[in-house]
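Chain by chain, the residues:
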Amino acid sequence: MAKIEVAPGLSLDDQEIHYDFIRSSGPGGQNVNKVATAAQLRFDVRNSRSLPEDVKARLIKLAGARMTEDGVLVIEAKRYRNQEQNRLDALNRLRALVEKAAQPPRPRKATRPTVTSRAARKAAKQHRAQTKRLRRYDPEEWE
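What you are looking at is a predicted structure, and each value in this text was computed from that prediction instead of being measured.

Overview of the sheet that holds strand E4 (residues 38-44)
Then comes step 1: Within the open sheet, the 3 strands sit side by side as E3-E4-E5. Their pairing is antiparallel. One side of each edge strand has no neighbouring strand; the edge strands of this open sheet are strand E3 (17-22) and strand E5 (72-77). Strand-to-strand, the axes of this sheet are offset by a mean angle of 20°, without reference to chain direction.
Then comes step 2: Sheet topology note: the E4/E5 ladder contains 6 bridges and is antiparallel. Across the sheet, the residue bridging to arginine 42 is valine 74, located in E5.
Then comes step 3: Sitting on the sheet, helix H2 (residues 83-102) is in contact with E3, E4 and E5, with an inclination near 135° to E5.

Rules and cut-offs
- Residues numbered from 1 in each chain as written.
- Predicted model: local features only at pLDDT ≥ 70, side-chain atom pairs only at ≥ 80, totals over all residues.
- Heavy atoms only, no water.
- Pairing = 2+ DSSP bridges.
- Helix = DSSP H or I, 4+ residues; strand = E, 2+ residues; numbered from the N terminus.
- Axes fitted to C-alpha atoms, helices over the stretch in contact; angles between N-to-C directions.
- Contact = heavy atoms within 4.5 Å.

Given below as structure tokens:
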């Protein structure tokens, strides 16, 4: 049971990560039709015992379209022409995602608009109202 270090104090169990190798599109000459070089990494986020719940929730949100309905994260790597480099590329991309999800979001500090910004907003509204006022049709003006 090997551990993959992701972030300080956070590691993934090697057995939770599964690889499938598929044929890749793109350059490769005759090899492209014979050898399965593209790596497809699958990591079951929902059922992972390596990650805390808050990190799982952020990871699911960060993954977006790469997440299946079952809660499995799928990362496809086909940048390189050989299987090993694509496998490492997929693993590095998983590491980066989990590392980003491990950082809790900074709390938002409530702020108020400045006096200048409020004045600018008011001036813009008055300018827009003036423009619309000038566009208005007045029948007395046209007689």
